[in-house]
Number of protein chains: 2
Amino acid sequence: MSMNSTLVFSPLVFGVLGLLMALGLYIKTKLLPNGNDTMNRIAGYIREGAMAFLFRQYKVLVVYCVVVAVVLGLSLGWDAAICFVLGAFLSLLAGFFGMKAATFANVKTAQAATSRVKSAALLVALDGGAVMGLAVASLGLIGMVAVYWFYADRSNLGTVLHAFAVGASSIALFARIGGGIYTKAADVGSDVAGKVIENIPEDDPRNPGVIADNVGDNVGDVAGMGADIYESMVASIVAAMALAMAATVDNAPKLLLDSGASLESQKLMGVLLPLFLSAVGLAVSIVGIFVTRMLKNMNPAMVLRIALIFPAIALTGISAVLMPMLGVTQDVTIAIGVGAIAGAVIGLVTDFYTSASPVKKIAEAAKTGAGTNLIRGLAVGMESTAIPMIVIAGSAWISNHYLGLYGIAMAAVGMLAGTAIVMTVDAYGPISDNAGGISEMSGLGPDVRAITDELDAVGNTTAAIGKGFAIGSAILTVMALFSAYNAEVNHARQVAGLAPLNLVVTEPNILIGILIGSILPFLVSAWTMVAVGRAAGAIVEEIGRQFREIPGLMELKAEPQPDRIVDIATKSALKEMILPGIVAVVVPPAIGFTMGPAALAGTLVGSLAVGATLSLFMANAGGAWDNAKKFIEKGGLPGHKKGSDVHKAAVIGDMVGDPFKDTSGPAVAILIKVMSVVSLLIASLIALR
Amino acid sequence: MSMNSTLVFSPLVFGVLGLLMALGLYIKTKLLPNGNDTMNRIAGYIREGAMAFLFRQYKVLVVYCVVVAVVLGLSLGWDAAICFVLGAFLSLLAGFFGMKAATFANVKTAQAATSRVKSAALLVALDGGAVMGLAVASLGLIGMVAVYWFYADRSNLGTVLHAFAVGASSIALFARIGGGIYTKAADVGSDVAGKVIENIPEDDPRNPGVIADNVGDNVGDVAGMGADIYESMVASIVAAMALAMAATVDNAPKLLLDSGASLESQKLMGVLLPLFLSAVGLAVSIVGIFVTRMLKNMNPAMVLRIALIFPAIALTGISAVLMPMLGVTQDVTIAIGVGAIAGAVIGLVTDFYTSASPVKKIAEAAKTGAGTNLIRGLAVGMESTAIPMIVIAGSAWISNHYLGLYGIAMAAVGMLAGTAIVMTVDAYGPISDNAGGISEMSGLGPDVRAITDELDAVGNTTAAIGKGFAIGSAILTVMALFSAYNAEVNHARQVAGLAPLNLVVTEPNILIGILIGSILPFLVSAWTMVAVGRAAGAIVEEIGRQFREIPGLMELKAEPQPDRIVDIATKSALKEMILPGIVAVVVPPAIGFTMGPAALAGTLVGSLAVGATLSLFMANAGGAWDNAKKFIEKGGLPGHKKGSDVHKAAVIGDMVGDPFKDTSGPAVAILIKVMSVVSLLIASLIALR
């Protein structure tokens, strides 16, 4: 078997291996004990609600996919349409499996916690999360290798790969925005109705909104996050492949050490390496998941931090060994390693801003009221944008120094190579959160709740880290995609015998594009925040109606109707995701076809600059407010316990932070990715304008 | 006298005319009756506090100016150092006169209101504001014409003009940030201590913070705003002149219709037109101030709106008549007109977002608590970024279509040509606000207060409009400055025999610069918000101390010590303005000299994209929260009056909005201007790196 076949073959091998492992963990988790009837009834509600949302969302997405596929078929050929559908379908498939696993792992985690053995519960939650993590990474890799294999010798390879990425992006877009609106509408709605208006505790079984809240955790943090990370991984690989394919004698990265290597073989290596190294990343993640399992008796917070850092180091080390064997320069290892380590650093910086001294300052500020609590949280969020952006800029600078723009794309690939384990740790969060909810609603007692609470607290940390990682990888991916877009435009112009487009920043069209691009993140952010508010309002109203109209509900003598809340949340989320989703997909062609490729380049730059900082700001401010509130609840401010005025001030900050961190912040990050991927896809169509 | 002499002469003539008119209004206002002793004592406190702040700020600025002048003298020559100092000095001079006028016009406005004739009080406040407005525009014009005249035939004309602009920018930077921190620290501090803790009404004479609050209005909205607008006017003119000077055969704007006109005469016309048209703008503003006086019996809100829109239309009309007489293309009229009208449109859009239906929605959202009130306000602020940015993009597109990048600079000149009247209307606000405070503290009774309240309410509208205008003009000015920076870099490279720098957006250095540039507005915003919080906290503490330690203060039997609050606010503001100020000035050379001109161009782009939207977002969200609170206070939500829970929720929004709209939002706008001006100044030094 030739070396190149090995490079193509290994993603497939590891992809299948990953899938098998996901299947194994799925069955293993499924066979675990289920707990008592009450637990199963509640878990059943959550599962039904989550799957119902997924299927209703799928219906909307099928319509969207058919429309886009027809447009693509007519404009870029039916191969592009097919690959677009494949990219979308595999994302949905991963989301489906992951959700299935998460929504039975939650009750089994609660049941494992009844054994009073923390490590047992931790393992169940991790295994449940690993199904999603492995499915996402494996299906993404398998799909891309399949597309590559099938179209390798055809002229439309680039187009079909871009179309595959657009499919992935589209699902991520709607899953993220719809899921984000759902989860926060249900959370805020049931909190306001339950804790504030009816004055009953969190996760109280009488509150009809609690089920929807738990559904929301799965819909937002499992399905939404999974589609998001899948998209980032696919897009980073596609960006690197596109840059390699569009390379010319002048700018092709010198990957093969053999000085006699032809341009063609250099380019081919450039196309294969991102796939191969992502496969290595998947292999490392599989090992990482096993290692994490073995560490189960350590402090869970530490275990999960190790799980996030380990792949970065292992991948870099393995690359350092493999590259010489492939006759490839170690510059690749540097680019990959820089990206992988940057991802871990960004995760840790996010951890700092959402848990350490900044959070204490926010809590302290609550002593003088909600206003000061909010101002301090906003300031912390704003300040937190600096280090991640500098880390990304630095990793771009280093990787560019060694390998040019291709190096930046490879840094993104390196950052996302640990997708499987990052997603595992991320999906762990909502599973243990759900486990806590189920144990509370089923009355399993404080001992069990203490275990699930500890797992849940760790889950909050990993969620913050995962969010920072997702946004950081989005920024680096967008930089790579943006470079690929420009390379593609000029490649198309070269083929047509035109001079390359001179995308000088002072070009008025670019400046105008920058102004337009810079407003899109703010608009999407505004719309999604208002959407959460609107949907939460409808939920508050319905919960109030149930308490008024169902006799005996407050006295635990009658059952609430959680399905009605689930229904409202589902309908609202699906309705509200349309406008921001359409804008993300439609703006790039609208600008590209009317104002030309330079204005579109400007639009991407403007939306990158604003979107990157805005999403970091919102995600971190939200996380910090949340933890400031929890800090007070845990007695961090002596004399100001839960229910005090200071705590109430912190609750207001948390309420503002909810849509910040789980809806608008992630929506903005996916917005800039989708815009870049769509631009890359249409680059050849608008290049000559 | 030759045509060109006319062009240079008229700015001088109108500048002197404007100064004389300012002097006349100054004397006229000074001779008006002063009111009773109590009023004079209070006004005296305010005047002393404001002037004390000014002088202490001047001390800091003298140190800064000496340091920068020496650096400039050694690197760019002593001519640059002298012009830098002149640019700074004239800004300080305008600020000094304006503050003097504002701090005696306030008490005279209150006295005029005792006559129960609204129009009389309106006129006094307007006249007081006009001193600042006319001084700012006239001194700016006179200074630039003087520099131009003196250096017209020397090779360093460009450098000295840039240095003049950097002088103007430096003062604007510190005046805006220092003033912004002062005004909001005093406002929030005395509100929290008085209204929330001690439970006494606003502007109560027992509250020792009220004087500082009134000082803050002058320090922030008169001195800070004046320096800001002065800077924008100077910078827009300098950007247009720089573009004209750096023009080559290929890109020189074809201004003279005479087809035989040489490149040199085209360039000369390009240099003179911005000065000349700004002089026309000043003349129009002078007329506008007279027209406004004649309309005194109309509804004040309408009068001030007319005052803002009139110069745009008049300037365009006059330009349409004058350009053919000068043998200049009407394309100039289009560029000037587009800019002027865009400024007015942005002002009206700001007015909409901070007073119409969006404000009602924010007030409605307060019904479900502070959290929803905040989320809605944030969303309104975010959404409000869209139309102004599109208007600016559109005006850039049109003006570029007719005159290239020079056209964009001329659009900025057009937008700022009405500086005198815009600033007049803007300074009117704090004067009538102060008048209200003085009449309350002196117990002039509800009739008088009703008049000052109405004037003040209009002042809030004009303040919002003025803020939108200031930010809009900043964005357009930055675009022009950015183009001038690039032209200057390439001019310097051409002189050195190097190829022009290809500032392609995919250049990694530019992309990295964009990432770095995009964090600066967020950092400055975070720092200034925290600074306000810190300073306000110190004020709350001192007010609390006075109420505890001064026996009889609460019973009106003893006097408070307002000077101590003034002292704390002054010291805090001066200390806190240093870090953000230094960053704005130091980052461009730091990046330019280490990473080169391309990275600096990227930094400017990143900070423009984020700074433009972030400052619009913050200013408008803040204005909207403020007015939502006022809407509830005026009975806009039946059943939820002042003091209700709904009102309290709205007060929290207003508290967050205070530093948003008056500190951080304006600070971010001035940040991007300063960075661009400094970059333009050092362009020739870093061009060859």
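One can find the structure itself at the top, above this paragraph.
A brief look at the structure comes next. Please read all numbers here as calculations on a predicted model, not as lab measurements.

Take the overall build of chain A next. Along chain A, the regular secondary structure elements total 19 helices and 0 strands. Overall, chain A is about 80 × 50 × 45 Å in size when its C-alpha atoms are taken along their principal axes. In chain A, which comprises 689 residues, the share counted as buried stands at 68%. Expressed as a percentage of contacts within chain A between residues at least 6 apart in sequence, the contacts between residues at least 24 apart total 85%. Accessible area for chain A stands at about 20,900 Å²; split by element, carbon and sulfur atoms hold 64% of it. Both charge centroids of chain A, one from 43 positive and one from 46 negative side chains, sit 2 Å from each other.

When chain B is fitted onto chain A, the two copies agree to an RMSD of 0.0 Å after a turn of 180° and an axial shift of 0.0 Å. Both copies are brought into coincidence by an operation consistent with a two-fold rotation axis. Closest approach to the rotation axis within chain B is made by the C-alpha atom of B:Val504, at a distance of 2.1 Å. Interface overlap between copies is the fraction of interface residues in one copy that are interface residues in the other; for chain B against chain A it reaches 100%, indicating a shared surface.

Time to look at the interface of chain B and chain A. Each partner contributes residues to the interface: chain B has 60 residues there, and chain A has 60 residues. When the area that chain B buries against chain A is broken down by residue, the three leading residues are B:Met382, B:Leu515 and B:Phe522, summing to 13%. The tally of links between chain B and chain A comes to 0 salt bridges. At the boundary of chain B with chain A, the tally comes to 0 residue pairs in polar contact (both at pLDDT 80 or more). Elements with a contribution of two residues or more to the side of chain B that touches chain A: helix H11 (370-383), helix H12 (386-416), helix H14 (446-495), helix H15 (508-549), helix H18 (597-633) and helix H19 (645-686) of chain B. For the side of chain B that touches chain A, the element with the highest residue contribution is H15(B), accounting for 17 residues. When grouped by side-chain class, the residues that make up the side of chain B that touches chain A number 46 nonpolar, 12 polar and 2 charged.

Glancing now at the pattern of salt bridges. Under the counting rule described, the total for this entry stands at 58 salt bridges over all chains. Notably, a salt bridge pairs A:Asp228 with A:Lys673, separated by 2.5 Å at the nearest N-O pair. In this pair, A:Asp228 sits in helix H6 (residues 210-245) while A:Lys673 sits in helix H19 (residues 645-686), placing the two residues 445 residues apart along the sequence. One exposure class covers both A:Asp228 and A:Lys673, and it is buried. Ionic pairing is found between B:Asp228 and B:Arg176, a salt bridge with its closest N-O pair at 2.8 Å. Residue B:Asp228 is located in helix H6 (residues 210-245), and its partner B:Arg176 is located in helix H5 (residues 157-198); the two are separated by 52 residues in the primary sequence. Each member of the salt-bridge network shares a partner with another, and the members are A:Lys184, A:Asp187, A:Lys467, A:Asp626, A:Lys630, A:Asp658, A:Lys661 and A:Asp662.

Turning our attention to the packing of aromatic side chains. Residues and elements named next belong to chain B. Using the criterion set out here, one finds 26 aromatic pairs over all chains in the structure. Seen from their ring centres, Phe-55 and Tyr-58 are 6.0 Å apart, and the 80° between their planes marks the pair as edge-to-face. Taken as a pair, Phe-55 and Tyr-58 lie in helix H2 (residues 37-76) at a separation of 3 residues, close to a single helical turn. A centroid spacing of 5.7 Å and a plane angle of 80° characterise the contact between Phe-617 and Phe-660, whose relative ring orientation is edge-to-face. In this pair, Phe-617 is assigned in helix H18 and Phe-660 in helix H19, connecting sequence segments 43 residues apart.

So, on to a nonpolar patch on the surface. On the surface, A:Val16, A:Leu20, A:Leu23, A:Ile27 and A:Leu31 cluster together into a nonpolar patch covering about 490 Å² of accessible area. In this structure, A:Ile27 sits in helix H1 (residues 3-30).

This part is about helix H15 (residues 508-549) of chain A. Given a rise of 1.5 Å per residue, 42 residues ought to cover 62 Å, and the 62 Å separating the end C-alpha atoms of H15(A) matches this to within 8%. Burial within H15(A) is extensive, with 33 of its 42 residues counted as buried.

Quick look at H18(B) now. Along an α-helix, residues three or four apart share an orientation, since each turn contains 3.6 residues. The first and last C-alpha atoms of H18(B) sit 53 Å apart over 37 residues, in line with the 54 Å expected at 1.5 Å per residue. Among the 37 residues in H18(B), 34 count as buried, and that is most of the element.

Residues and elements named next belong to chain A. Between helix H8 (residues 300-325) and helix H14 (residues 446-495), the shortest axis-to-axis distance is 9 Å and the interhelical angle comes to 25°. With respect to H14, the axis of H8 lies roughly parallel. In terms of crossing hand, the pair formed by H8 and H14 is right-handed. Packed against H8, whose contacting residues are Pro-300, Ala-301, Leu-304, Arg-305 and Leu-308, the element H14 presents Glu-454, Val-458, Thr-461, Thr-462 and Ile-465 at the interface. For the contact of H8 with H14, the class distribution of residues is 6 nonpolar, 2 polar and 2 charged.

Before going further, it helps to examine the environment of A:Asn373. Residue and element names in this part refer to chain A. Here Asn-373 is to be found in helix H11 (residues 370-383). You can call Asn-373 buried: its relative accessible area is 0%. Taking the C-alpha atoms as reference points, Asn-373 and Ala-246, separated by 127 residues in sequence, lie 51 Å from one another. Sequence-distant contacts of Asn-373, that is, excluding residues within four places in its chain, are made with Ile-362, Ala-365, Ala-366, Trp-625, Ala-649, Ala-650 and Gly-653.

Quick notes on the rules
Residues numbered from 1 in each chain as written. Chains lettered and ligands numbered in written order. Predicted model: local features only at pLDDT ≥ 70, side-chain atom pairs only at ≥ 80, totals over all residues. Heavy atoms only, no water. Helix = DSSP H or I, 4+ residues; strand = E, 2+ residues; numbered from the N terminus. Buried < 20%, exposed > 50% of the residue type's maximum accessible area, 1.4 Å probe, protein only. Contact = heavy atoms within 4.5 Å. Areas by Shrake-Rupley, 256 points an atom, 1.4 Å probe, with all protein chains shown as cover. Lys, Arg positive; Asp, Glu negative; His and termini not counted. Charge placed at Lys NZ, Arg CZ, Asp CG, Glu CD. Least-squares fit on C-alpha atoms with pLDDT ≥ 70 in both. Buried area = accessible area lost by both parts, 1.4 Å probe. Salt bridge = Lys/Arg side-chain N within 4 Å of Asp/Glu carboxyl O. Polar contact = N/O pair within 3.5 Å; in protein donor to acceptor, adjacent residues only side chain to side chain. Nonpolar A, V, L, I, M, F, W, Y, C, P; charged D, E, K, R; others polar. Phe/Tyr/Trp six-rings, centres within 6.5 Å; stacked < 30°, edge-to-face > 60°. Patch = residues over 30% accessible without salt bridge, like charges linked within 9 Å, V, L, I, M, F, W, Y side chains within 5 Å. Expected span 1.5 Å × (residues − 1). Axes fitted to C-alpha atoms, helices over the stretch in contact; angles between N-to-C directions. Parallel < 35°, antiparallel > 145°, perpendicular 65-115°, else oblique. Left-handed = near helix turned anticlockwise from the far one by under 90°.

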